[in-house]
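Structure assessment
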Amino acid sequence: MNATLAAWSAAVTLVVTGAITGVYYAFSVAVMPGLNAADAGTAIRAMTSINQRIQNPLFFVTFFGPLVAATVTGVFLLILGTRSAGVLFLVAAGVYLVGAFIPTVVVNVPMNETLDAAGVPTDLAEAVRVWAAYSSAWTWWNSVRAGASLISLLLAGLGVYFSNTSP
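Below: a short report on this structure.

Rules used throughout
- Residues numbered from 1 in each chain as written.
- Predicted model: local features only at pLDDT ≥ 70, side-chain atom pairs only at ≥ 80, totals over all residues.
- Heavy atoms only, no water.
- Helix = DSSP H or I, 4+ residues; strand = E, 2+ residues; numbered from the N terminus.
- Contact = heavy atoms within 4.5 Å.
- Areas by Shrake-Rupley, 256 points an atom, 1.4 Å probe, with all protein chains shown as cover.
- Expected span 1.5 Å × (residues − 1).
- Bend = angle between axes of the 7 residues up to and from the residue.
- Polar contact = N/O pair within 3.5 Å; in protein donor to acceptor, adjacent residues only side chain to side chain.
- Phe/Tyr/Trp six-rings, centres within 6.5 Å; stacked < 30°, edge-to-face > 60°.
- Salt bridge = Lys/Arg side-chain N within 4 Å of Asp/Glu carboxyl O.
- Buried < 20%, exposed > 50% of the residue type's maximum accessible area, 1.4 Å probe, protein only.
- Core = buried A, V, L, I, M, F, W, Y, C linked by side-chain atoms within 4.5 Å.
- Axes fitted to C-alpha atoms, helices over the stretch in contact; angles between N-to-C directions.
- Parallel < 35°, antiparallel > 145°, perpendicular 65-115°, else oblique.
- Left-handed = near helix turned anticlockwise from the far one by under 90°.
- Nonpolar A, V, L, I, M, F, W, Y, C, P; charged D, E, K, R; others polar.

Here we look at the overall build of the protein
Within the protein one finds 5 helices and 0 strands. Beginning at the N terminus, the succession of helices and strands in the protein can be written as α-α-α-α-α. Dimensions of the protein, computed from C-alpha atoms along their principal axes, come out at roughly 65 × 25 × 20 Å. Residue pairs at least 24 apart in sequence account for 81% of intrachain contacts in the protein once pairs closer than 6 positions are excluded. Summed over its atoms, the accessible surface of the protein is roughly 8,400 Å², and 73% of this surface lies on carbon and sulfur atoms.

Right, dumping it as structure tokens:
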């Protein structure tokens, strides 16, 4: 096992984890509050469009990347005998899996699909009800994803630090 390969893997982990953390953070602090300020029909149409467009190769790299890269880096570091750093990267992968990846698959994506299938209600009061219920729950879970991603990023950063300071 080559230390240079582990270093590149660690760098990739930091980049993709930072990128996905930023995506989740931006949705919680800017996108969803912005959509909440619009009328419900516009918010539903905009969110449906966003959810359809976000499914692209670049997003998928940043979505799957932290799980794969942190795991690979952790294994590389363990093989190199850098136990503390390796464990930190594996814990980073676990935190991302439980706090960001699984909620995305189990909660946020199904909510997106339900919103998309429902369309925009013609009744204004119903549109307001649909959007309010969706936005509140979706944003809460998205904030969980942002927090878990941020913790994963912090753990990976600590892993980089410990990979250079101790076995």
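Thoughts on helix α1 (residues 3–37)
Compared with an ideal rise of 1.5 Å per residue, which puts 35 residues at 51 Å, α1 spans 50 Å between its outermost C-alpha atoms and is within 8% of the ideal. Of all the bends in α1, the largest measures some 45° and sits at Phe 27. Regarding α1, its N-cap is Asn 2, as a side-chain oxygen of that residue lies 2.6 Å from the backbone nitrogen of Thr 4 further along.

Some remarks on the packing of aromatic side chains
Enumeration according to the criterion identifies 11 aromatic pairs in this entry. What links up through ring pairs into an aromatic cluster is the set Phe 59, Phe 60, Phe 63, Phe 64 and Phe 101.

Concerning the pattern of salt bridges
According to the stated counting rule, one finds 1 salt bridge in the structure shown. Residue Arg 129 pairs with Glu 126 through a salt bridge whose shortest N-O separation is 2.7 Å. Taken together, the positions of Arg 129 and Glu 126, both in helix α5 (residues 124–163) and 3 residues apart, correspond to about one turn of that helix. Its relative accessible area of 48% is what places Arg 129 among the partly exposed residues.

Brief notes about the nonpolar core
In terms of nonpolar packing, the biggest core is built from 15 residues, with Met 32, Met 47, Leu 115, Trp 131, Tyr 134 and Trp 138 touching the most fellow members. Elements represented by at least two residues in this core include exactly α1, α2 (40–53), α4 (83–118) and α5. Apart from the residues lying within four places of it in its own chain, the contact partners of Leu 115 are Ile 44, Met 47, Thr 48, Val 130, Trp 131 and Tyr 134.

Section: the packing of α2 against α5
Interhelical geometry of α2 versus α5 gives an angle of 45° and a closest axis separation of 8 Å. Taken together, α2 and α5 sit at an angle that is classed as oblique. As for the relative orientation of α2 and α5, their crossing is left-handed in sense. Along its contact with α2, which presents Ala 40, Ala 43, Ile 44, Met 47 and Asn 51, the element α5 presents Ala 127, Val 128, Val 130, Trp 131, Tyr 134 and Trp 138. Each residue belonging to the contact of α2 with α5 can be placed in one class, and the counts come to 10 nonpolar, 1 polar and no charged.

Observations regarding helix α3 (residues 57–79)
With 23 residues, α3 should reach 33 Å at 1.5 Å per residue; the first-to-last C-alpha distance of 31 Å fits that figure. The largest bend along α3 measures about 50° and falls at Gly 65, with the proline Pro 66 one to four residues further on. Inspection of α3 places Phe 59, Thr 62, Phe 63, Gly 65, Pro 66, Ala 69, Ala 70, Thr 73, Gly 74, Phe 76 and Leu 77 among the buried residues, and these make up the whole buried set. Buried residues along α3 sit against α1, α4 and α5. The residue sitting at the N-terminus of α3 and contributing the capping side-chain oxygen is Asn 56; that oxygen lies 3.1 Å from the backbone nitrogen of Leu 58. Immediately beyond the C-terminal end of α3, within one or two residues, lies Gly 81, with a positive phi of roughly 85°.

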